[in-house]
There are 2 protein chains.
Amino acid sequence: MSDRLLYLPLGGAGEIGMNCYVYGYGPVENERYIVVDLGVTFPSMDGTPGVDLIFADVAWLEERKERIEAIFITHAHEDHIGAVGHLWPRLDAPIYARAFTAHLARLKFEEHGHDELQIKTVSAWPEQITVGPFTVGFVPISHSIPESSALVIDSPAGRVIHTGDFKADENPVVGEPFDRALFEEISKDGVKALVCDSTNVFSAHPGRSESEVIEPLTELIAGLDGMVAATTFASNIARVKTLAEAGSKAGRSVVLLGRAMRRMITAAIETGIISDFPKTVSPENAGDIPRENLMLLTTGSQGEHRAATAQLSRGKYLGLKMAEGDTMIFSSKTIPGNEVSVSRILNSFSEMGVETISGRDEIHVSGHANRPDLAMMHEIVKPQVVIPMHGEHRHLSEHARLAESNGFQSIVAPNGVGVDLSGNAPRVTEYVETGRTYLDGSIQIGAMDGIVRDRIRIALNGLVVATVIIEDDEPLGDCWCELRGLPETGVSRAPLVDVLEEDVNQFLMRAKPKTLSDDDKLEEDMRRIIRKTTQEEVGKKPEVQIIISRLSS
Amino acid sequence: MSDRLLYLPLGGAGEIGMNCYVYGYGPVENERYIVVDLGVTFPSMDGTPGVDLIFADVAWLEERKERIEAIFITHAHEDHIGAVGHLWPRLDAPIYARAFTAHLARLKFEEHGHDELQIKTVSAWPEQITVGPFTVGFVPISHSIPESSALVIDSPAGRVIHTGDFKADENPVVGEPFDRALFEEISKDGVKALVCDSTNVFSAHPGRSESEVIEPLTELIAGLDGMVAATTFASNIARVKTLAEAGSKAGRSVVLLGRAMRRMITAAIETGIISDFPKTVSPENAGDIPRENLMLLTTGSQGEHRAATAQLSRGKYLGLKMAEGDTMIFSSKTIPGNEVSVSRILNSFSEMGVETISGRDEIHVSGHANRPDLAMMHEIVKPQVVIPMHGEHRHLSEHARLAESNGFQSIVAPNGVGVDLSGNAPRVTEYVETGRTYLDGSIQIGAMDGIVRDRIRIALNGLVVATVIIEDDEPLGDCWCELRGLPETGVSRAPLVDVLEEDVNQFLMRAKPKTLSDDDKLEEDMRRIIRKTTQEEVGKKPEVQIIISRLSS
């Protein structure tokens with residue numbers, strides 16, 4: 001059988017989050033693999049209550065782990081790196097990343113007690129790493145975190161350029177500018193496939209440069225009285241630096257609030273990304289400084305409940321408290337799904353008399369390439385095929401339409417769809433069982449295991465627990481019901497628990513020995529009665545847990 | 001004691017939703033009251049799982065029900081009218097509304113079996129209704145539903161203008177245009193207070209007219225092949241009519257899909273709001289018409305799971321099915337909090353190959369006055385005080401700042417804050433206990449009752465049910481555990497339920513009679529052990545339900 005080049009997304013092609021892409025080369029079902037990114041996505045009360053983190057389901061890879069050559073991490077955003085600590089033991093392959101990313105990956109390995117030597121730091125292009133049939137290079141590309149890289153993935157079947165997350169920013173303030181000439185250079189001998197970020201395909205205007213927010217932010221902060229706080233993604237080192245410098249210029253001492261904020265700035269300094277960050281003071285020492293001389297940089301721009309911004313909105317945090325006359329700046333965009341949490345914080349500040357500044361275009365720019373920038377990237381690389389990734393289905397489809405309208409082949413390959421890139425046209429060759437893995441407390445569970453579904457059902461419908469003791473196939477005493485999450489009183493005005501117990505006891509008194517001796521039958525009948533009575537009394541069909549204890553005299 | 005004029009919001013001043021405002025006139029604690037609007041807000045899995053609807057808590061009013069003269073409904077949006085059927089029995093006062101609104105209120109009364117004669121239809125200004133010390137008139141004002149009205153509320157203390165929801169649209173397509181001269185006329189003798197919509201105070205540009213979407217929508221629909229569906233709020237009769245006419249002009253038969261869509265159009269025709277709506281065909285008959293000649297108008301623009309749009313995104317609905325080459329138009333804005341539901345639908349359509357058109361400014365306009373329109377309204381009315389309503393706290397504050405910056409007095413009065421308007425300056429005189437009432441199934445429960453909190457806790461942490469039978473202060477047999485919403489296996493690799501039962505049984509064997517004879521003590525100890533073991537095994541501290549059955553020999 002002849003060798004082929006396989007592209008298989010396991011995560012990230014069907015959502016914005018939990019990126020995990022597989023490339024394979026070799027004979028069918030005997031390919032050697034590389035994995036690009038091991039990210040997380042975040043749970044919500046809506047669909048995943050109680051879940052801590054969500055990863056791509058890597059069972060397919062795990063079954064083939066001895067054929068995984070290496071894992072490459074494009075950049076250190078959590079949706080690309082967040083699962084390395086959790087999933088690495090299941091894949092057990094060396095991890096390659098550039099210095100800043102590797103530094104943060106090692107911190108994760110440290111927390112999990114994994115062998116940090118498995119994480120290898122690589123330099124930027126033209127350095128290349130050869131693993132099995134693949135040769136891979138990290139090409140610097142601009143994004144909203146330092147050292148983001150596109151991967152140049154060479155195999156005997158040709159070159160693939162995997163953009164990672166990117167924007168075409170020629171002045172990104174911190175880190176390497178977008179280098180058009182370099183991408184032309186690496187593309188000049190022909191590119192099999194451009195696997196390309198789709199996040200902002202619906203944004204019609206060319207993207208704006210990170211450098212454009214410096215002046216508006218500096219002016220804004222210069223004009224403010226009272227304490228000033230500003231929040232953005234801690235990993236956006238350029239933005240954090242701009243905010244710190246604006247504060248410093250306005251005569252304010254800078255305080256980093258929130259673990260991620262301190263960790264990211266430390267990582268950026270330790271890996272040489274930045275050398276001239278303004279001097280900071282600790283929250284403890286900030287108490288001695290007049291409030292109009294303070295500039296807080298806080299985590300939690302997405303309304304995260306436990307982050308510094310949310311804590312400040314609820315009162316004191318590490319001895320610091322915002323008050324009337326102070327200003328809170330959101331130098332960020334609210335990710336869809338987080339609007340309500342962010343609004344809650346804005347309202348809390350409003351109640352405290354703190355002015356909030358949010359949703360202003362001039363103080364935030366996106367880290368992703370907009371529609372015209374994507375079209376430009378297609379033109380620079382001139383690939384045989386454009387494969388949209390990093391998007392929901394609608395982003396992938398729209399990106400494919402964009403590429404096709406400019407004369408490129410394109411294919412929509414959502415998670416689990418394997419595409420053979422060896423030929424002149426991409427060809428879907430397999431559908432792989434894929435999905436999501438939940439980190440639930442300390443345990444990884446499958447999204448389809450029913451555990452979270454059970455929690456959602458109870459949250460929606462409440463729960464009745466009914467206990468009955470059966471001795472020698474006769475009920476011993478009465479049935480006992482407990483309610484969880486249900487109204488205490490229904491339409492009959494009697495306590496719901498009394499009505500339920502009476503109905504079940506009536507049934508038990510009349511039940512035939514055949515029923516009483518059969519756990520399944522008894523449970524089924526009791527459940528039916530409980531659901532019917534609860535529906536009549538309070539209009540809800542609850543979940544029911546029946547507990548039958550059998551004694552023999 | 002002298003008479004006073006009281007303004008007291010119970011809902012709507014602190015959120016966008018569940019509007020309920022009280023005006024009182026008379027001696028302190030002996031005022032006569034009128035209520036303006038009885039709306040709902042919608043639950044979410046996030047904070048109110050399993051809840052069906054949310055109302056303002058009207059306990060304060062209920063305690064004073066014999067002093068309520070009347071209830072006035074400004075317009076028929078659910079956040080203003082939605083609770084009339086549910087709350088009316090607790091307030092028991094006549095309801096006044098204009099014809100279209102009254103028609104819809106009567107449908108709600110019919111569903112609840114209330115006396116429809118309690119709903120009185122009133123004509124627009126200059127008609128006025130005198131109820132106790134108040135004289136109230138409905139002044140037509142433009143919004144996104146027919147017959148929206150500002151209320152002119154006269155009392156011996158002067159005139160209040162309560163705008164209701166409004167925009168300054170001089171060409172609203174259906175219904176009455178904004179009439180600047182009329183508002184000048186009713187304001188010319190001095191207005192005590194302008195109680196004013198704050199929804200769009202953060203929108204810097206003047207609002208656009210409903211008439212501006214006609215051309216873009218007509219052009220868009222004329223250019224489409226395949227089946228076309230469009231969704232918007234059913235109550236936006238102007239928009240629905242524009243869409244229907246655009247479809248009709250393009251040679252398409254119009255199908256109304258969704259109960260609200262049919263009910264609203266019927267109400268508009270029956271009350272004379274529109275007379276020339278394009279002929280519609282039923283979903284049953286639509287099957288005979290070629291798909292390129294169909295125009296579906298669907299409910300569910302906010303991603304509601306059971307509405308027509310969502311059903312179509314999941315497959316067949318009433319025999320109709322969208323397919324590749326068809327187009328789904330969202331002529332709507334996504335309300336914050338609904339982004340994820342709407343995205344889910346857009347992605348489902350994308351997977352079906354249906355093109356979706358959403359988030360386009362040219363095919364939707366807001367129904368609320370923007371910042372410059374609010375300033376204009378202040379200028380027209382020239383009130384003694386501007387009282388912002390219909391907004392979250394941040395909207396109210398910003399609106400107050402806007403008014404003050406133009407030289408008006410203003411006051412932020414969130415829900416529960418009573419303001420005396422009698423003097424020359426508004427004066428906060430009371431803080432009233434207020435909150436939210438949940439409709440949970442068929443029962444009204446308080447937001448603070450703990451019922452929903454219990455459901456949320458189980459959804460986040462899972463539940464362990466542990467049963468033990470105690471006979472004569474000795475455990476009879478083993479403890480029995482059941483898990484709900486918890487991983488089956490923990491770090492020890494043994495089934496969690498086995499580990500739990502073993503730990504509890506160990507404890508029971510060693511427990512002193514003093515513990516075994518004391519239900520509270522026994523429960524407390526068992527709960528502690530179960531939480532500790534579960535935390536160690538799966539990293540979660542679950543909710544625990546202990547059931548102790550006591551037998552005596």
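Rules behind the numbers
- Residues numbered from 1 in each chain as written.
- Chains lettered and ligands numbered in written order.
- Predicted model: local features only at pLDDT ≥ 70, side-chain atom pairs only at ≥ 80, totals over all residues.
- Heavy atoms only, no water.
- Helix = DSSP H or I, 4+ residues; strand = E, 2+ residues; numbered from the N terminus.
- Buried < 20%, exposed > 50% of the residue type's maximum accessible area, 1.4 Å probe, protein only.
- Contact = heavy atoms within 4.5 Å.
- Areas by Shrake-Rupley, 256 points an atom, 1.4 Å probe, with all protein chains shown as cover.
- Lys, Arg positive; Asp, Glu negative; His and termini not counted.
- Charge placed at Lys NZ, Arg CZ, Asp CG, Glu CD.
- Least-squares fit on C-alpha atoms with pLDDT ≥ 70 in both.
- Expected span 1.5 Å × (residues − 1).
- Arc of directions from axis to C-beta.
- Domains from an automatic or database assignment.
- Buried area = accessible area lost by both parts, 1.4 Å probe.
- Salt bridge = Lys/Arg side-chain N within 4 Å of Asp/Glu carboxyl O.
- Polar contact = N/O pair within 3.5 Å; in protein donor to acceptor, adjacent residues only side chain to side chain.
- Pairing = 2+ DSSP bridges.
- Axes fitted to C-alpha atoms, helices over the stretch in contact; angles between N-to-C directions.
- pLDDT = per-residue confidence, 0-100.
- Phe/Tyr/Trp six-rings, centres within 6.5 Å; stacked < 30°, edge-to-face > 60°.
- Parallel < 35°, antiparallel > 145°, perpendicular 65-115°, else oblique.
- Nonpolar A, V, L, I, M, F, W, Y, C, P; charged D, E, K, R; others polar.
- UniProt positions renumbered as here; feature names shortened; annotations may be inferred.
- Left-handed = near helix turned anticlockwise from the far one by under 90°.

The next subject is the overall build of chain A. Tallying secondary structure elements over chain A gives 17 helices and 28 strands in all. Taken along the three principal axes of its C-alpha coordinates, chain A extends 85 × 75 × 45 Å. Evaluated residue by residue, chain A yields a buried proportion of 59% over its 553 residues. Here the contacts in chain A between residues at least 6 apart in sequence split such that 71% fall between residues at least 24 apart. Accessible surface for chain A amounts to roughly 21400 Å². Of this, 47% is attributable to carbon and sulfur atoms. Of the side chains in chain A, 54 bear a positive and 81 a negative charge, and the two mean positions are spaced by 2 Å.

A few words on the relation of the copies chain A and chain B. Mapping between the two chain copies consists of a rotation about an axis together with a translation along that axis. For the match of chain A to chain B, the screw axis carries a shift of 0.0 Å, the RMSD comes to 0.1 Å, and the turn is 180°. Interpreted geometrically, this transformation is the action of a two-fold axis.

Residue and element names in this part refer to chain A. With twelve residues, helix 8 (residues 259-270) extends 16 Å between its outermost C-alpha atoms, agreeing within 8% with the 16 Å of an ideal straight helix rising 1.5 Å per residue. Among the residues of helix 8, those classed as buried are Met-261, Met-264, Ile-265, Ala-267 and Ala-268. For helix 8, the arc enclosing every buried residue in end-on projection is 160°, short of the 170-degree limit, so these residues lie on one face. The exposed set on the far side of helix 8, more than 90 degrees from its buried face, consists of Arg-259 and Glu-270.

Before going further, it helps to spend a moment on the domain arrangement of chain A. Residues and elements named next belong to chain A. According to the domain assignment, chain A contains domain 1 (4-205 + 366-446), domain 2 (210-360) and domain 3 (462-551). Facing 17 residues of domain 1, the contacting portion of domain 2 comprises 18 residues. In total, about 1400 Å² of surface goes out of reach between domain 1 and domain 2, with carbon and sulfur atoms giving 67% of it. Ranking the residues of domain 1 by area buried against domain 2 places Phe-100, Val-173 and Val-174 at the top, with a combined share of 35%. One can count zero salt bridges joining domain 1 with domain 2. The tally of links from domain 1 across to domain 2 stands at four residue pairs in polar contact (both at pLDDT 80 or more).

This part is about the environment of B:Gln506. Mapping B:Gln506 onto the fold places it in helix 15 (residues 496-510). Distance from B:Gln506 to B:Asp478, taken between C-alpha atoms, is 9.7 Å for residues 28 residues apart in sequence.

Residues and elements named next belong to chain A. Relative to the helices and strands, Asn-370 resides in the loop between strand 18 (355-357) and helix 12 (371-381). Using a relative accessible area of 10% as the deciding quantity, one classes Asn-370 as buried. Only 3.0 Å separates the side chain of Asn-370 from the side chain of Asn-200, close enough to count as a polar contact.

Once that is clear, we can look at the environment of B:Gly418. All names here are of chain B. Position of Gly-418 among the secondary structure elements: in strand 21 (residues 417-420). Taking the relative accessible area as the measure of exposure, Gly-418 reaches 0% and is therefore buried. Excluding its chain neighbours within four sequence positions, the residues that come into contact with Gly-418 are Leu-6, Tyr-7, Leu-8, Arg-427, Val-428, Thr-429 and Glu-430.

Across four bridges, the pairing between strand 21 (residues 417-420) of chain A and strand 22 (residues 427-431) of chain A is antiparallel. Residue A:Val417 lies in a different strand from strand 22 of chain A, and its bridge partner there is A:Tyr431.

This part takes up the sheet that holds strand 24 (residues 443-446) of chain B. Residues and elements named next belong to chain B. One open sheet accounts for four strands, arranged 4-5-23-24; its pairing is antiparallel. Two strands lie at the open edges of the sheet, namely strand 4 (40-41) and strand 24, each paired on one side alone. When strand 4 meets strand 5 (residues 53-56), the two strands line up antiparallel, connected through two bridges. Paired with Val-40 across the strands is Phe-55, a residue of strand 5. On the sheet, helix 3 (residues 84-91) packs against strand 5, strand 23 (436-440) and strand 24 and is oriented at approximately 40° with respect to strand 5.

The predicted model of chain A has a mean per-residue pLDDT of 96, with 100% of residues at 70 or higher. Taken over the whole predicted complex, pTM reads 0.95, whereas the ipTM for its chain interfaces reads 0.94.

On to the packing of aromatic side chains. Residue and element names in this part refer to chain B. With the rule as written, the count across this model stands at 14 aromatic pairs over all chains. An angle of 15° between the planes, with centres 6.5 Å apart, marks the rings of Tyr-7 and Tyr-21 as stacked. Pair noted here: Tyr-7 is in strand 1 (residues 3-11) and Tyr-21 is in strand 2 (residues 20-27), with a separation of 14 residues, a long-range link. Tyr-21 gets classed as buried once you look at its relative accessible area, which sits at 0%. An angle of 50° between the planes, with centres 5.6 Å apart, marks the rings of Tyr-7 and Tyr-23 as tilted. Taken as a pair, Tyr-7 in strand 1 and Tyr-23 in strand 2 lie far apart in primary sequence, 16 residues in all.

A few words on the interface of chain A and chain B. If you look at the interface, chain A gives 59 residues, while chain B gives 59 residues. Here chain A and chain B share an interface that buries about 5000 Å² over both sides, 58% of which is from carbon and sulfur atoms. It is A:Met45, A:Arg394 and A:Arg484 in chain A that bury the most area against chain B; as a group they hold 14% of the surface buried on that side. In this assembly, chain A and chain B are joined by eight salt bridges. Between A:Arg344 and B:Asp46 there is a salt bridge; the shortest N-O distance is 3.8 Å. If you look at where chain A meets chain B, you find 38 residue pairs in polar contact (both at pLDDT 80 or more). Counting residues per element, the ones that place at least two in the side of chain A that touches chain B are helix 11 (339-352), helix 13 (393-405), strand 24 (443-446), helix 14 (451-461), strand 25 (463-471), strand 27 (480-484), helix 17 (519-538) and strand 28 (543-551) of chain A.

Residues and elements named next belong to chain A. In contact at an axis separation of 9 Å, helix 3 (residues 84-91) and helix 4 (residues 99-112) are set at 75° when each is read in the N-to-C sense. Taken together, helix 3 and helix 4 sit at an angle that is classed as roughly perpendicular. Between helix 3 and helix 4, the residues in contact are Val-84, Gly-85, His-86 and Trp-88 and Lys-108, Phe-109 and His-112, respectively. When the residues that make up the contact of helix 3 with helix 4 are grouped by side-chain class, the tally is three nonpolar, three polar and one charged.

So, about the pairing of strand 13 (residues 191-197) of chain A. Residue and element names in this part refer to chain A. Of all seven residues in strand 13, seven are buried, a share of seventy percent or more. Across three bridges, strand 12 (residues 158-162) lies against strand 13 in parallel orientation. Its bridge partner lying in strand 13, His-162 is registered against Val-195. Examined bridge by bridge, strand 13 and strand 19 (residues 383-389) share six bridges and lie parallel to one another. Counterpart to Leu-194 in the pairing with strand 19 is Val-386.

Here we come to the UniProt feature "domain: Metallo-beta-lactamase" (unreviewed entry) in chain A. Feature annotation in UniProt places "domain: Metallo-beta-lactamase" (unreviewed entry) on residues 17-217 of chain A, given in this structure's numbering. A distance of 29 Å separates the end C-alpha atoms of residues 17-217 of chain A, which is 21% helix and 30% strand.

Moving on, we come to the packing of helix 12 (residues 371-381) of chain B against helix 13 (residues 393-405) of chain B. All names here are of chain B. Running from N to C, helix 12 and helix 13 point in directions that differ by 55°, and their axes come no closer than 10 Å. If you check the angle between helix 12 and helix 13, you find them oblique. Here helix 12 runs over helix 13; the crossing is right-handed. For the pair helix 12 and helix 13, the contacting residues are Arg-371, Leu-374, Ala-375 and His-378 in the first and Glu-398, His-399, Leu-402 and Ala-403 in the second. Of the residues belonging to the contact of helix 12 with helix 13, the class tally is four nonpolar, two polar and two charged.

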